[in-house]
Amino acid sequence: VYSNLKIVLSHLLKYRYQPERTSNSWRSTLVEHRQRLHSLFRESPSLKRYAEEIFEESYRDAIALAAAETGLSKAIFPEKSPFSMQETLDLEYLP
């Protein structure tokens with residue numbers, strides 16, 4: 001759950017802060033990891049509650065990942081997630 005959330009959140013950050021560099025690969029990664037999360041929640045509904053508990057931790061780590069992948073400073077990204085859990089899990093949502 002943690003890893004999938006972190007990857008989705010880092011890609012949402014990349015979309016928001018480097019929109020000129022978006023690619024089909026980024027979209028594919030978002031769909032893949034969102035589908036994995038939905039599957040996990042279907043198999044074990046209690047994992048959704050766990051995801052909510054670790055959401056901010058996953059976001060903080062997503063900042064480091066997004067910064068490393070984009071070359072942007074970590075200071076550019078907000079301290080708190082600008083994305084809700086619902087947006088993060090929404091298969092169609094893009095910032």
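Right above here is the structure, for reference.
Residues numbered from 1 in each chain as written. Predicted model: local features only at pLDDT ≥ 70, side-chain atom pairs only at ≥ 80, totals over all residues. Heavy atoms only, no water.

1. Side note on the nonpolar core
Counting residues in hydrophobic clusters, the biggest one holds 24 residues, and the most contacted among them are Leu5, Leu13, Leu37 and Phe77. The dominant element in this core, judged by the number of residues it contributes, is helix 3 (residues 46-70), at eight residues. Here Phe77 is in contact with Leu13, Tyr17, Tyr59, Ile63, Ala66, Ala67, Thr70 and Leu72, once residues within four sequence places are set aside. (Core = buried A, V, L, I, M, F, W, Y, C linked by side-chain atoms within 4.5 Å. Buried < 20%, exposed > 50% of the residue type's maximum accessible area, 1.4 Å probe, protein only. Helix = DSSP H or I, 4+ residues; strand = E, 2+ residues; numbered from the N terminus. Contact = heavy atoms within 4.5 Å.)

2. Side note on the packing of helix 1 (residues 2-17) against helix 2 (residues 24-43)
Packing of helix 1 against helix 2 brings their axes to within 9 Å, and their N-to-C directions diverge by 150°. Helix 1 and helix 2 meet at a crossing whose hand is left-handed. From helix 1, Asn4, Leu5, Ile7, Val8, His11, Leu12, Lys14 and Tyr15 reach across to helix 2, where they touch Trp26, Arg27, Thr29, Leu30, His33, Arg34, Arg36, Leu37 and Leu40. In the contact of helix 1 with helix 2, the residues fall into nine nonpolar, four polar and four charged. (Axes fitted to C-alpha atoms, helices over the stretch in contact; angles between N-to-C directions. Left-handed = near helix turned anticlockwise from the far one by under 90°. Nonpolar A, V, L, I, M, F, W, Y, C, P; charged D, E, K, R; others polar.)

3. Overview of the side chain of Ser10
Its location among the elements puts Ser10 in helix 1. For Ser10, a relative accessible area of 1% gives the class buried. In terms of polar contacts, Ser10 uses its side chain to reach the backbone carbonyl oxygen of Ile7, at 2.9 Å. If near-sequence neighbours (up to four positions away) are discounted, Ser10 is found in contact with Ala62, Leu65 and Ala66. (Polar contact = N/O pair within 3.5 Å; in protein donor to acceptor, adjacent residues only side chain to side chain.)

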